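# Analysis of the macromolecular model
One letter stands for each residue in the lines below.
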Amino acid sequence: MSLLIKSNPGGRTMVELPRDALEYVGFGAYRLSLGETLPVAAGDKELCVVLLSGRIHLKGEAPGQGAFDWDNLGDRQSVFEDKSPYAAYLPPGSQAQVTALSDVQVAVCAAPGAASNEYGPRLIRPESMKRSVRGKGANTRYVCDILPDSEPAHSLLVVEVRTPSGHSSSYPPHKHDTDDLPHQSFLEETYYHQVNPSQGFVFQRVYTDDRSIDQAMAVENSDLVVVPKGYHPVSVPYGYESYYLNVMAGPKRVWQFHNDPQHSWLLDL
């Protein structure tokens, strides 16, 4: 099976992860024009709605938690602006509607929720998100923690990363596919990519130690890469800038990774 899911050039759905592709992670990215709406139903999942660009009105109801109504959200026109996004956590059973107040791009991230519904719906504001610089030299990239393991959720983790022209990211190669805490956690993952300028591409490789998975992909704007297990580095060609939105989930909500020992010497540079 190809781990690269190509995006749709037109229509509301930019890209969606097939329901049976992964056990824990669900994902979809959508484009809306002014006035258009997107219904969002959580079912037995917990959701993180991430406003990639534009402005929206998000309202709905969560069972046992009451209604929520958040208007005029959003203040970036591109994921490549040096700004954190607006996002919202929605518990299982939530029914919501996104209304576009401009041209909009929005992502819906999903993972198994708790039957107890211990976490209510909440707006995640840009100023609450931790921003950091990771790596050095041509391995430098810029990270925004949208829903990290330090914030309440049952299994969902969400982060976005911008990588400059000519740089590598998710590098040195690392993996998190073994339930062996505190050394490594098992987390499935998706990479939703955007590229600036949009006609560009990046490269991503997904591979395991035994090479039972070993795919190298040329990834274009709004494509999705599926990482069921294995290492998953990204390389950005000169002249283009990379953005990706990561969604991770697994049996335990802990991000603990293991570097590929063949390339761990890079950490000493």
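Here goes a summary of the coordinates provided. Owing to the predicted nature of the structure, the values given are computational and were not obtained by experimental measurement.

Let's shift gears to the overall build of the protein chain. Counting its secondary structure elements, the protein chain contains zero helices and 25 strands. Referenced to the eigenvectors of the C-alpha coordinate spread, the extents of the protein chain come out at roughly 50 × 40 × 35 Å. Expressed as a percentage of the 269 residues in the protein chain, the buried residues total 53%. Long-range contacts, defined as pairs at least 24 residues apart, comprise 74% of the intrachain contacts of the protein chain with a sequence gap of at least 6.

Attention shifts here to the sheet that holds strand S6 (residues 56-62). On the basis of which strands lie adjacent, the open sheet formed by four strands has the order S4-S9-S6-S7 and antiparallel pairing. Looking along the sheet, the strands with just one partner apiece sit at the ends: strand S4 (37-41) and strand S7 (66-73). When strand polarity is set aside, the average angle formed by the axes of neighbouring strands in this sheet is 10°.

Here we come to the packing of aromatic side chains. Aromatic rings in a pair are described by how distant their centres are and how their planes are angled relative to each other. Evaluation of the coordinates by the stated rule reveals nine aromatic pairs. With a centroid separation of 6.4 Å and an interplanar angle of 70°, the aromatic rings of Phe-80 and Tyr-243 are classed as edge-to-face. Here Phe-80 is found in the loop between S7 and strand S8 (87-90), whereas its partner Tyr-243 is found in strand S24 (residues 241-249), with 163 residues between them in sequence. The cationic tip of Arg-122 hangs over the ring face of Tyr-89; the distance from NZ or CZ to the ring centre is 4.9 Å. In this structure, Arg-205 packs its charged tip against the face of Tyr-207, placed 4.1 Å from the ring centre.

The omega torsion of the bond from Tyr-171 to Pro-172 falls at 0°, within 30 degrees of zero and hence cis. Position of Pro-172 among the secondary structure elements: in the loop between strand S15 (168-169) and strand S16 (174-175). Omega for the peptide link from Asn-196 to Pro-197 comes to -5°, which places this bond in the cis form. As for its placement among the helices and strands, Pro-197 is situated in the loop between strand S19 (188-196) and strand S20 (201-207). One non-glycine residue, Asn-72, lies in positive phi territory at about 55°. Examined against the element boundaries, Asn-72 turns out to sit in strand S7. Residue classification places Asn-72 among the partly exposed residues on the basis of a relative accessible area of 45%. Non-glycine residue Ser-222 carries a positive phi angle of around 70°.

Residues Phe-27, Val-50, Tyr-192 and Leu-245 are the most contacted members of the largest nonpolar core, which totals 54 residues. Tyr-192 has contacts with Met-14, Val-15, Phe-27, Ala-29, Leu-52, Ser-222, Asp-223, Leu-224, Tyr-243, Tyr-244 and Leu-245, leaving out every residue within four places of it along the chain. Counting residues in each nonpolar core, the second largest holds 24 residues, with Val-40, Ala-100, Val-106 and Leu-123 among its members.

Thresholds applied
Residues numbered from 1 in each chain as written. Predicted model: local features only at pLDDT ≥ 70, side-chain atom pairs only at ≥ 80, totals over all residues. Heavy atoms only, no water. Helix = DSSP H or I, 4+ residues; strand = E, 2+ residues; numbered from the N terminus. Buried < 20%, exposed > 50% of the residue type's maximum accessible area, 1.4 Å probe, protein only. Contact = heavy atoms within 4.5 Å. Pairing = 2+ DSSP bridges. Axes fitted to C-alpha atoms, helices over the stretch in contact; angles between N-to-C directions. Phe/Tyr/Trp six-rings, centres within 6.5 Å; stacked < 30°, edge-to-face > 60°. Lys NZ or Arg CZ within 6 Å of the ring centre and 35° of its normal. Core = buried A, V, L, I, M, F, W, Y, C linked by side-chain atoms within 4.5 Å.

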